[in-house]
2 protein chains.
Amino acid sequence: MTDTENNSRTPNALDRMFRPRSIALVGATERSIWSVAAYDNLVRFGFTGRIIPVNPKGGTIHGLQAATSIAAVGEPIDVALLMVPEASLLDTIGDLQAAGVAGAVVLSAGFAETGAAGAQRQETLAAAARQAGVRMLGPNCLGFANFVDAAPVWTNPLRRPMPNPTLALISQSGSVAMQMEQFAYQQRIALTHMISTGNEADINTADAIEYIAQHSDARAIALFVETIRQPARFAAAVTAAGKAGKAVVVLKVGASEASAKAAQAHTGSLVGNDRVFSALCEKLGMIRVFSIEEAVITADLIGRIGRVNRPGLALIAMSGGMCEIATDQAEKEAISLPALAEETLVSLRNVLPDYATPANPLDLTGGAMLKPELIAQSIEAISKDPGIGLIGYVFDVPGKEDARGFAARFMKEIGAGVAASALPTVLLSNAFMPVNGFSRALADDNGIAYSGGGLRHVLTAMGHLLRWSGALADRTERAAVARVDARPVREREVLDHLARYGVPVVPGPVVTSAEAAVEAARGMGGAVALKIASPDIQHKTEIGGVALGLSGDAEVAAAYQAMLARVKAARPDARIDGVIVAPMRSQGTELFVGTMRDPHWGPAIAVGLGGVFVEVLKDTSLRLLPITEKDALRMLDELRGSSLLDGFRGAPAVDRLAAARAIVAIGNAALALGPDLLCLEVNPLLATQGRIEALDGLTVWENDVGHA
Amino acid sequence: MTDTENNSRTPNALDRMFRPRSIALVGATERSIWSVAAYDNLVRFGFTGRIIPVNPKGGTIHGLQAATSIAAVGEPIDVALLMVPEASLLDTIGDLQAAGVAGAVVLSAGFAETGAAGAQRQETLAAAARQAGVRMLGPNCLGFANFVDAAPVWTNPLRRPMPNPTLALISQSGSVAMQMEQFAYQQRIALTHMISTGNEADINTADAIEYIAQHSDARAIALFVETIRQPARFAAAVTAAGKAGKAVVVLKVGASEASAKAAQAHTGSLVGNDRVFSALCEKLGMIRVFSIEEAVITADLIGRIGRVNRPGLALIAMSGGMCEIATDQAEKEAISLPALAEETLVSLRNVLPDYATPANPLDLTGGAMLKPELIAQSIEAISKDPGIGLIGYVFDVPGKEDARGFAARFMKEIGAGVAASALPTVLLSNAFMPVNGFSRALADDNGIAYSGGGLRHVLTAMGHLLRWSGALADRTERAAVARVDARPVREREVLDHLARYGVPVVPGPVVTSAEAAVEAARGMGGAVALKIASPDIQHKTEIGGVALGLSGDAEVAAAYQAMLARVKAARPDARIDGVIVAPMRSQGTELFVGTMRDPHWGPAIAVGLGGVFVEVLKDTSLRLLPITEKDALRMLDELRGSSLLDGFRGAPAVDRLAAARAIVAIGNAALALGPDLLCLEVNPLLATQGRIEALDGLTVWENDVGHA
């Protein structure tokens, strides 16, 4: 054994562990249901590598010669499943190095999940594993199962792997992993891998995603996540999975606690932590779901179909009632069911019976019972429609043969339609129903991607698929922004900083004489406002430091003099930079743009309409920074009050592109200020016809929240 | 046969039809799959009445002596299933009277659903049935099945009835009925009746609901509805079902078309037809659902549980991960998971292992595996909590025995918990799973109400159950309002009419001299507005008929004179009633209150916040009239901008009760104006601290929309 072999914390250690050729069952005994289940799983999967029971008493266990210690095995072991009492866990881990073990699976609970003392024990455990050069899965996990290579290291009974797996499961909760696996099996959705990461003392969700991204043929990954331990690595792993063509679907719990916990300043308090996670999903192209059903059905659909090139969905059913239900449901899922093109209608009229009406959704009526070839013909005709990107055919695949062979005939026609279809085509059941071996084989044999999720769930999954595909198409590299050193604090400094990043800001020179104020006001051509400029004065209005609606040289000059006098009297100590002269703005649509910093995910930007929209309705759209113009445009579209931008009560429409550019620039200006910036807020960003302008700017800095 | 017996359109005709003791299969032949299926269903159900095949050729059909005509049977027949060609349908119906037939089932399609010619044929058919004194189900239906009395009249194969039925299905679409029945069977949810009403040429959804309400032990009715043909009878039937203790769950399609079709004036255009149907559901205590799964799972849950006395839900699971998913899901469903009371926590600590934390949801942890009696103890402890009204226990009932009898042991404990529970207690699966005969029997035998819908669907159903129970508790008789004859058109008339119904309206006497204007203004103590009062002038401002912000006797008098001069010059033809003097109001929160008239459901009332809230965000709450104060308060709560009423930016809070009273009064004022009123709009209803006041009132009348 060389040093290199022995140092199992090498890049290939995870691959040795997750695709093992030798598995040690440490603490194996026929009296333990865990040991028996783990061994039985290996046999049931047909594991072809070496299985080594380890027990100090030696002898024959599970019909195999047991080693008396892990070190006594005498050859490198890819993975050791530790089923030993907690008291001997550390010693056992210490032994692993000498035995050349790549990875250890620790099932025991009672560590970090129980509190501080447990967390301490877990740290000791992790240190021991590091010391031993061994990767560790757990503690408090159920292990993993590699279905592709017939290698389960899992202590609850598992079923034999199914053919054509496309889905990998990664879960921080062992019981949720089991529920997902059970549900996937019930729907005959084959898994490539299932990894229960437990407390993640060493191997975490990011490692597992990265491993699947690199080493698995899975086309989709479903995650159950409670906590993300290494945000940057997690994001990188999800990105890598996407680049490897694998969709990532995430069921993240804790959504309901978010608002309560979000006690952040300014923009952060408007938004809450959970929406930041949704913004992360948006940024990474990760699909966020909220139930086990939605996770598995969505991941399965995307695994079977992959990316779709156009957003329009066409549905075909054999019942008008189901078409009607589908139409309503599609609207709820924001799925477009486009009207069919004229040439498609002509093609359909040529094949449909007289009493059927070509439309989307298409009700084939009882006609398909009499003339099953209608099915293939309709699918093919619709697949040529230029407005459609995905076809769904609604039919329940039976769980056994029917006496008259109806179903087999229909499936043959659907298969012919899928084969002739120029578009991705999915078969889905009417309502939710399990899929058994017979129905899955019938679908597979006819080349049909089938989901038993029913209209309700599959339309939700299709909505995810269509949005995910659209986002992939739109994905643009976002530019990195260089850091600056200056820390703008004063209003004028903030506006100048924004202007340097391309944000149009209201003119507002700081003048130091009445003459200069008059000259500045003349150049603005209209009424002006004067505001005292002082780094020491926060609340200008209260000491007479603001004068509004001034017109004409005399009024401006007088106001300048009067203001300086008032302020000096009220605050003789304050440093006075001068007086800001700004044009009065009163017309237009007020936007709110503010950035926040999430402790996990970094800077984010929120956009809303001003006033009640943001403050009462919390109607904001959120993205992680940096963003592109397209992102900003979509943020404006997402606002509930979005139509206000199109002109309300005769007001001119806002130039959305100009607004989007300003929003992107505000984001870049915030990024340039580095991680100490908690918040950069522009409120309002005033949009009038042809002009977008930041009227006010504010920064809040780390350790400085009370100040703002 | 007496005349009375012969007149089968008597009150008991439907009961004879739907609980038949004699069934004629007209057009029976062993060569028809419909005839065979209908007969087989009767045999499979164990129908104990008389089955009479009818075929002109006579002979033995389905092993029975066939009658050569319906008239030849020689004794009254409760129901005739007509499987004859359309050409002989009218003749056959004509024969039914002489045969003493109570009801006929007509399966044939090709009637009103195909267009005008079909509608004409359908009318002829209906007339023939009326003429023959026979009730008719269909055409274009699949028949009905009475599972309780083992009487199916249904031409697709059905399975044998299951024990303990609680659910009745009524569907206008035969295929949706079959999907619902299939789904219910898959979940082993037993049906009492299934009625496919088809085109409803005679018997319609209202008849079917009424029948089930009166004659069935069903505890819930699930409806699939495309069109409601007799709105008043439908509403009465749903109300009758509610009084008979039966919940009504409705899947109504067409939601997505509603906005496009709603081309109504004023308030109607803000709201759309589909929201009126939701308002009807609210009024009738009917539960609106959007998928087959949601319909069946909700109706089943309510059928098993009935009404709940308190809204709080407690959940118990055997996994922390599932508890977390449940918490997020409950928030989405607006279900309260209250913190447990201190005494409940104490009780739970006494039974739980140390490492389990008493909380809601309660994670029993693996402790329940070691000590199953935990299950019953926990359910019982939680059932005594004063904040909880419903308990859900999350556990998958297995579909077969497990070797070690774990599941049976758990089910025994859950059953003991249910028996000891002071609250309704439901068992639900983790994720969606089918329920087979074994699992249903295991649940039933242990006295457990079980749903295989999984957290995702059962929490949705629980949300419905809890809201429905709450609405039942709140139900108040709404007062009828007497009609008045006068038709207020002028602004002052409308405000006076509102005032008569108790709506506080802004003072605004019509004066006819400058002196009177000055006197009126003095009494208002502040700035006033003058507005020309003329039935002939719609657009006052344009001809100088409005003057705002007038202070002092001189200004008021001058404005009066100037206005009269301007208006007389501009519109010498117009009748001038005088000038309205009203106090200026500028502070406060603007509410919008408008009524509309739905062609099906009559007058409805919408409430919103003024300005952008109504016009951009369409943020309104809608109810059918009349409403109670409680309804109006809930409408205010439902607004997305509701928190604006609590005071925004330092504005005083709106007196919600006073606002609610004004809203109720506006509704009553509208009802008093009868069916020609399309719209009564108060915009704004201005709410300031301690004062609610209608500032403007408008009516729109039938055939007068263009005028407004």
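Remember, it's a predicted structure, so these values are computed and weren't measured experimentally. (Residues numbered from 1 in each chain as written. Chains lettered and ligands numbered in written order. Predicted model: local features only at pLDDT ≥ 70, side-chain atom pairs only at ≥ 80, totals over all residues.)

## Section: the overall build of chain A
Secondary structure summary: chain A contains 25 helices and 29 strands in total. Expressed as lengths along the three principal axes of its C-alpha atoms, the size of chain A is roughly 105 × 80 × 40 Å. Counting the 708 residues in chain A, one finds 54% classified as buried. Look at the contacts in chain A between residues 6 or more apart in sequence, and 72% of them connect residues 24 or more apart. (Helix = DSSP H or I, 4+ residues; strand = E, 2+ residues; numbered from the N terminus. Buried ≥ 20, exposed ≤ 12 C-beta atoms within 10 Å, placed from the backbone. Contact = placed C-beta atoms within 7 Å.)

## Remarks on the environment of N309 of chain B
Summarising the element assignment, N309 of chain B is placed in the loop between α12 (292-305) and β15 (313-317). Sequence separation of N309 of chain B and S469 of chain B is 160 residues, and the distance between their C-alpha atoms is 7.0 Å.

## Some points on the pairing of strand β10 (residues 167-171) of chain B
All names here are of chain B. With five of five residues buried, β10 lies mostly within the body of the structure. Residue alternation in β10 divides its side chains into two sets, L167, L169 and S171 and A168 and I170, and both sets are buried. With five bridges joining them, β10 and strand β12 (residues 220-225) adopt parallel strand pairing. Looking across to β12, one finds that I170 is bridged to L223. (Pairing = 2+ DSSP bridges.)

## Notes on the packing of helix α7 (residues 205-215) of chain B against helix α8 (residues 231-243) of chain B
All names here are of chain B. One can describe the packing of α7 onto α8 by two numbers: an axis separation of 8 Å at closest approach and a directional angle of 20 degrees. For the element pair α7 / α8, the angle class is roughly parallel. Of the two possible hands of crossing, α7 and α8 adopt the one that is left-handed. From α7, T205, A206, I209, E210, I212 and A213 reach across to α8, where they touch R233, F234, A237, V238, A240 and A241. Looking at side-chain class alone, the contact of α7 with α8 contains nine nonpolar, one polar and two charged residues. (Axes fitted to C-alpha atoms, helices over the stretch in contact; angles between N-to-C directions. Parallel < 35°, antiparallel > 145°, perpendicular 65-115°, else oblique. Left-handed = near helix turned anticlockwise from the far one by under 90°. Nonpolar A, V, L, I, M, F, W, Y, C, P; charged D, E, K, R; others polar.)

## Description of the relation of the copies chain B and chain A
When chain B is brought onto chain A, the operation consists of a screw motion whose angular component is 180 degrees and whose axial shift is 0.0 Å, with 0.1 Å RMSD remaining. In symmetry terms, the pair is related by a two-fold rotation axis. Closest approach to the rotation axis within chain B is made by the C-alpha atom of P434 of chain B, at a distance of 3.5 Å. Counting the interface residues of chain B, we find that 100% of their copies in chain A are interface residues as well, pointing to one common contact surface. (Least-squares fit on C-alpha atoms with pLDDT ≥ 70 in both.)

## Points about the confidence of the model for chain A
Caution applies to low-pLDDT parts of the model: their predicted coordinates are not meant to be read in detail. Residues and elements named next belong to chain A. Summing up the model confidence of chain A, the mean pLDDT is 91 and the portion of residues at 70 or higher is 95%. Low pLDDT, under 50, characterises residues 258-264; the stretch is placed with 11 contacts to residues that sit more than four places away or in other chains. The ipTM for the predicted assembly is 0.90, set against a pTM of 0.91. (pLDDT = per-residue confidence, 0-100.)

## Some words on the packing of helix α21 (residues 514-524) of chain A against helix α22 (residues 553-570) of chain A
Residues and elements named next belong to chain A. Between α21 and α22, the least distance of the axes is 9 Å, while the angle of their chain directions is 135 degrees. Considering the angle they form, α21 stands oblique to α22. Considering how the two elements wind past one another, α21 and α22 form a crossing that is right-handed. Between α21 and α22, the residues in contact are A514, A517, V518 and A521 and D553, V556, A557, Y560 and Q561, respectively. Per-class residue counts for the contact of α21 with α22 are seven nonpolar, one polar and one charged.

## Let's talk about the interface of chain B and chain A
With 45 residues of chain B in contact, the opposing surface of chain A contributes 45 residues. Looking at the side of chain B that touches chain A, the elements that each hand over two or more residues are α6 (174-186), α12, α13 (320-332) and α19 (454-474) of chain B. Here the side of chain B that touches chain A takes 10 residues from α13 of chain B, the largest share from any one element. A class-by-class count of the residues in the side of chain B that touches chain A yields 20 nonpolar, 17 polar and eight charged.

## Let's talk about the domain arrangement of chain A
Looking at chain A, the domain boundaries give domain 1 (1-142), domain 2 (162-306), domain 3 (307-474), domain 4 (507-583) and domain 5 (589-707). A separation of 56 Å is found between the C-alpha centroids of domain 2 of chain A and domain 4 of chain A. (Domains from an automatic or database assignment.)

## Some words on the environment of L680 of chain B
Residues and elements named next belong to chain B. Mapped onto the secondary structure, L680 falls in strand β27 (residues 677-688). Residue L680 is classed as buried on the basis of its C-beta count, with 29 C-beta atoms lying within 10 Å. Separated by 282 residues in the primary sequence, L680 and P398 place their C-alpha atoms 59 Å from one another. Look past the residues within four positions of L680 in its chain and what remains in contact with it is T595, I666, A669, A670, L673 and T699.

## Here's the deal with the sheet that holds strand β14 (residues 287-289) of chain A
Strand pairing in a sheet takes place through backbone hydrogen bonds and is either antiparallel or parallel in direction. All names here are of chain A. Strand order across the open sheet formed by seven strands is β9-β8-β11-β10-β12-β13-β14, with mixed pairing between neighbours. At either end of the open sheet lies a strand with only one pairing partner, and these are β9 (151-154) and β14. Adjacent strand axes in the sheet meet at a mean angle of 15 degrees, parallel and antiparallel pairs treated alike. Bridge count for strand β13 (residues 247-252) against β14 is three bridges, and the pairing is parallel. Residue V249 lies in a different strand from β14, and its bridge partner there is I287.

## A look at helix α8 (residues 231-243) of chain A
Residues and elements named next belong to chain A. Its 13 residues place the ends of α8 18 Å apart at the C-alpha level, agreeing with the 18 Å of an ideal helix rising 1.5 Å per residue. Among all positions of α8, only F234, A235, A237, V238 and A241 are buried. For α8, the angular spread of buried residues about the axis comes to 160 degrees, placing them on one side. Opposite its buried face, α8 presents the exposed residues A232 and K243, each directed more than 90 degrees away. For α8, the elements touching its buried residues are α7 (205-215), β12 (220-225), β13 and α11 (273-284). One or two steps after α8, the chain reaches G245, where phi turns positive at roughly 80 degrees. (Expected span 1.5 Å × (residues − 1). Arc of directions from axis to C-beta.)

## Structural notes on the sheet that holds β15 of chain B
Residue and element names in this part refer to chain B. Within the open sheet, the five strands sit side by side as β16-β15-β17-β18-β19. Their pairing is parallel. The sheet is open, and its two edges are formed by β16 (362-363) and β19 (449-451), each paired on a single side. The pairing of strand β18 (residues 425-428) with β19 spans three bridges and is classified as parallel. Paired with V426 across the bridge in β19 is A449. Contacts from helix α16 (residues 373-383) reach β15, β16, β17 (390-394) and β18, with the element oriented near 160 degrees to β17.

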